[in-house]
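# Summary of structural features
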Amino acid sequence: MAESEYNVSVPHMNSLLQMDPYLKPFENDVQRRYGLFKKQLTLLEEAEGGFDQFTRSYKSYGVQRMPDNSLVFKEWAPAAEALFLTGDFNGWDNFSHPYTKKEFGKWELHIPPKEDKTPAVTHNSKLKVVVHTRAGERLYRISPWAKYVTRHEKSVIYDWVHWDPPQPYIHKHPRPQKPRSLRIYESHVGIASPEGKVASYSNFTHNVLPRIKDLGYNCIQLMAIMEHAYYASFGYQVTSFFAASSRFGTPEELKELIDVAHSLGIIVLLDAVHSHASKNTEDGLNQFDGSDSCFFHSGPRGEHSLWDSKLFNYSSWEVLRFLLSNLRWWLEEYRFDGFRFDGVTSMLYHHHGIGSGFSGDYAEYFGLQVDEDALVYLMLANHILHTLYEDCITIAEEVSGMPNLCCPVQEGGLGFDYRLAMAIPDKWIQILKEFKDEDWDMGNIVHTMTNRRYGEKCIAYAESHDQALVGDKTLAFWLMDKEMYTSMSALIPMNSVIDRGIQLHKMIRLLTHSLGGEGYLNFMGNEFGHPEWLDFPRVGNNESYHYARRQFNLVDTDRLRYWQLYAFDRDMNRTEDKYGWLAAPPANISVKHQGDKVIVFERANVIFIFNFHPTNSYSSYRVAVGPPGKYKIKLDSDGIQYGGHGRLDHNTEFFTEPMEFKNLPNSMLIFTRLISLKNEV
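Let me begin by describing the structure that accompanies this report. (Residues numbered from 1 in each chain as written. Predicted model: local features only at pLDDT ≥ 70, side-chain atom pairs only at ≥ 80, totals over all residues. Heavy atoms only, no water.)

## Things to note about the packing of aromatic side chains
Heads up, the rule is: Two aromatic rings, drawn from Phe, Tyr or Trp (for Trp, its six-membered ring), form a pair once their centres lie within 6.5 Å of each other, and the interplanar angle then sorts them: stacked below 30 degrees, edge-to-face above 60, tilted otherwise. For helices the rule is a DSSP run of H or I covering at least 4 residues; for strands it is a run of E covering at least 2, with both sets numbered from the N terminus onward. Lysine and arginine charges are scored as sitting over a ring when NZ or CZ, respectively, is within 6 Å of the ring centre and within 35 degrees of the ring normal.
Applying the stated criterion across every chain yields a total of 47 aromatic pairs. Ring centres of Tyr 34 and Phe 37 lie 5.6 Å apart, and the angle between their planes is 50°; on these two criteria the pair is classed as tilted. One end of the pair is Tyr 34 and the other is Phe 37, both in helix α2 (residues 27-48) and three residues apart, which spans about a single turn. Positioned above the aromatic ring of Trp 329, the side-chain terminus of Lys 147 is 5.3 Å from the ring centre. Across the ring face of Tyr 334, the terminal group of Lys 255 is positioned such that the distance to the ring centre comes to 5.5 Å.

In C-alpha cells form, the structure reads like this:
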C-alpha cells in the first residue's frame, strides 16, 4: 500500500482544535501521525489477525506447557546461527536440545513429556538459552520472555527459573471501579519497612496496605517491579521485562498483594519502563542474539548517553510484539489496573530531552526532532489498553509539555489519561531554597499550580521519589533539617523551626492537592515528613541498607509529631473523597494577595483559604463566594491534632452576604490561617 493511502482523517480533529487552537498550523502533522497509527493497526489486522491476538504473544513465546505436558520454547533471535536449550533438566548439556529455525528470525523447540507424563522441565528448575553467533561465539542468555529470574547470593548474574507452580494463585476479588478522583501512593516494595533489609511483597500486603487504606489513598503506583539486576537503579534499569522482581518474593505473592489491594478498594498501577533497558547481556535483553541491535537500534541511536542504557527500536515488528504483549501480561497475569509510563520525554524526541529547555514553542513538538516511531508506539499502546480494558489508567512522565498527550487517540492525541505535573515539585524546592517566607510570590505559586493544558488531566504532587533520593532533600528536610532528629517530640513545645516546618508542610500539600491537578500523588513516607533521604545499598555507602527503608514506626506513637502530619494527610484525602475536588473543574481563584500572602479559591463548592504570611493572622477578612448560604469549617491545618495552634472555633458558622466581591455575587467575613469551608445550604 502506498503511504498516501494512510492520509486518513482524524475522526474528532475539530474537538482537538477547538480545545487547543495553537495546534491549527500543525494540523497536517497531527493528521500524518494518526495516519501512521492507523497504518500499524491495519498491518496488525492483516499479519496477526488483530491486536488482541498480537498482544497475547506471551502465550506462545518463551516457554509454554501444552495440555499433554509437552513444552514448547520459542524465541526471536534474527542474527543467531543456532539456538540450544540447556539447564537442570538435561544436566546442562549445551547441544542436546537444539531449536529449529523458522521464518522471520524465529526459533522453536518442542520437548515431549517424560515417561510418567510430567513435564520434562520441572517447576523452579534453571534454564539458559545457548546462542551460537555467526562469528562463532557461544553465548548464554536468559529468554526475554522469562517470567521469573533469581540471583544466587554469591553470584552477580541472574538465572532464568522455570515458573510453573502446581497451585498458582487464584484471584478472589474483582477489580475496583475506576476512581473519579485519583489519590496515588507511590510505593517501592523493597524499602517498605523500618528494618534495614529488602522488604517483601508479603510485608507490603500485611503491613503497608492497611496504612495506605487508612490514609485515604485509592491507588498505589508500584515502582521497581519489572526485574532489574541492580537494586540501586530504583527499578529503572530493567533486565527481565516479564519477570516480577524476585528479591521481594514470588510471583504468587505479588498477585496476592494486588488481590488484597483490590479487596480494600485500591487500584494498583505498574511503573512501566519501556523508554530504555539495561545494557546487561548475560541477564538482560542486550545482544540477545549476538548482534548490537535485535530489540534495540544499532549504533549510537541505540544508546542513551545520560542513562548508559539501550534504546528500543519502536519501528521493529517484533519489538512492538514484545512491548505491547508486556503491557497485556501485567494486566492479565497480575491484574494491575494500569501504568505510569516512565521516561516518555526521552521516547518522544531523538534528542531525548537532553539539553532541551522546551520554551513552549509548538514548533518544538513537531518536525524531525520527534521520534514518530516511539510516538506511534505510545498511541498504539494507549489505544489497545483502553479498548481491551475500559477502566485502564495510563499516566505519562513527560516534561516537554507535548500538546495532545492526554487527548484521545480518536482526536489525534496520544491517548494518555493523565500527565505528571512535574513543574510543581520543582517550584516548591526552588521556593524553599531561594526565598525567605516574606518573599514568597503568591501569584507565581498560583500560576505554577494552574498552568496546565486545558482539557488534559494532571497528577499534582509536592514531591515524589525524585526529591527523596540521596543528593536531594524532601520538603520536610528543606523545612526542618537537622531539627527533625532532636525536636519532633510532642511532649515539648515546638521551637520556631519545627513550628514553621510543620505548618508549611501541611499547607504546601493541601494547596498542591486542591489546586494543582485532577489527581494527587505522594511518595511513601513523605506524608508524615520522613526524616531521611533514600539511598540504596551501593559501593559508595558500603552496601548499607540504613537509608533504604521507610520508618513507619515513627507514626506508631503519638509522642512524636510525625503522627500529626500523618493525621493531616489522612484527613485531607478523606475530605477530598467526600467532596471530590480532584474530579471537579479547575478552581475559581478569587484572591492571590501578595502583601497579605493570602490565596483564596473555590473548587467543588469548597472554599479554600490559605494564609502564608509568616506573622499575620486576619480577622474579618472578606472572601468572595459563589453560592449563597451558611459555610462551616471542614478541614483546618491549624487544628491541635495536626500540630497546629487551634486558633479557629469549628462551631462558627459563616453566613454569606449579597455583597458582590471579586466578580462573585456573594461574600463573607472570616478569620484566617488555613481552612477549607463547605457550604451547608
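Next comes the rest of the account.
## Let's talk about the packing of helix α6 (residues 317-333) against helix α8 (residues 372-388)
This is how it is decided: Inter-axis angles, ranging from 0 to 180 degrees, are taken between N-to-C directions of lines fitted to C-alpha atoms, where helices are fitted over the stretch in contact. Each crossing gets its handedness from the near helix: less than a right angle anticlockwise from the far helix is left-handed, clockwise is right-handed. Between two residues, a contact is recorded if the distance between any of their heavy atoms is within 4.5 Å. Amino acids are sorted into nonpolar (Ala, Val, Leu, Ile, Met, Phe, Trp, Tyr, Cys and Pro), charged (Asp, Glu, Lys and Arg) and polar (every other residue, Gly among them).
At a closest axis distance of 11 Å, the pairing of α6 and α8 adopts a crossing angle of 35°. Relative to α8, α6 is oriented so that their crossing is right-handed. Residue-level inspection shows Leu 320, Leu 323, Leu 324, Leu 327, Arg 328 and Leu 331 of α6 in contact with α8, the latter providing Tyr 377, Leu 380, Ala 381, Ile 384, Leu 385 and Leu 388. Taken together, the residues that form the contact of α6 with α8 break down as 11 nonpolar, no polar and one charged.

## A closer look at unusual backbone geometry
Selection rule: Categorising residues by exposure relies on relative accessible area from a 1.4 Å probe, with only protein chains included: less than 20% of the type maximum marks a residue as buried, more than 50% marks it as exposed, and the intermediate range marks it as partly exposed.
Positive phi is not limited to glycine here, since His 352 has a value of about 60°. Backbone geometry at Asn 542 places phi at a positive 55°, although glycine is not the residue there. If you trace the backbone, Asn 542 turns up in the loop between β21 (519-523) and α15 (562-579). The class of Asn 542 is exposed, set by a relative accessible area of 71%.

## Focus: the nonpolar core
Here is the rule we go by: The definition of a nonpolar core used throughout is a set of buried Ala, Val, Leu, Ile, Met, Phe, Trp, Tyr and Cys residues joined through side-chain atoms within 4.5 Å.
If you look at the biggest cluster of nonpolar residues, it comprises 183 residues, and the most contacted ones within it are Phe 73, Phe 204, Leu 254, Trp 330, Phe 336 and Trp 428. Residue contributions to this core peak at 10 residues, all from α8. Each residue touching Leu 254, except ones within four places of it in the same chain, is listed here: Tyr 201, Leu 222, Ile 225, Ala 244, Trp 330, Tyr 334 and Phe 336. The next biggest cluster of nonpolar side chains, apart from the first, holds 15 residues, and it includes Val 591, Val 600, Ile 609 and Tyr 621.

## Topic: the pairing of strand β14 (residues 267-272)
Stated precisely, the cut-off is as follows: Two strands make a pair as long as DSSP finds a minimum of two bridges between them.
Judged by how many residues are buried, β14 sits mostly within the fold: six of six residues are covered. On β14, burial covers both faces: Ile 267, Leu 269 and Asp 271 on one face and Val 268, Leu 270 and Ala 272 on the other are all buried. Here strand β11 (residues 219-223) pairs with β14 via four bridges, running parallel. Residue Leu 222 lies in a different strand from β14, and its bridge partner there is Leu 270.

## Quick look at the environment of Tyr 185
Condition: Definition of a polar contact: a pair of N or O atoms within 3.5 Å, with one able to donate and the other able to accept a hydrogen when the atoms are protein atoms, and with sequence-neighbouring residues admitted only if both atoms are side-chain atoms.
You can see Tyr 185 is positioned in strand β10 (residues 182-188). Residue classification places Tyr 185 among the buried residues on the basis of a relative accessible area of 1%. Ignoring anything within four residues of it in the chain, the contact list for Tyr 185 reads Ile 212, Leu 215, Tyr 217, Cys 219, Ile 220, Gln 221, Asn 522, Met 524, Gly 525, Glu 527 and Phe 552. In terms of polar contacts, Tyr 185 uses its side chain to reach the side chain of Glu 527, at 2.9 Å.

## Things to note about the pairing of β10
Of all seven residues in β10, seven are buried, a share of seventy percent or more. Along β10, one buried face is formed by Leu 182, Ile 184, Glu 186 and His 188 and the opposite face, lined by Arg 183, Tyr 185 and Ser 187, is buried too. Pairing between β10 and β21: five bridges, direction parallel. Among the inter-strand pairings, Tyr 185 is bridged to a residue of β21, identified as Asn 522. The pairing of β10 with β11 spans five bridges and is parallel. Of the residues in β11, the one forming a bridge with His 188 is Met 223.

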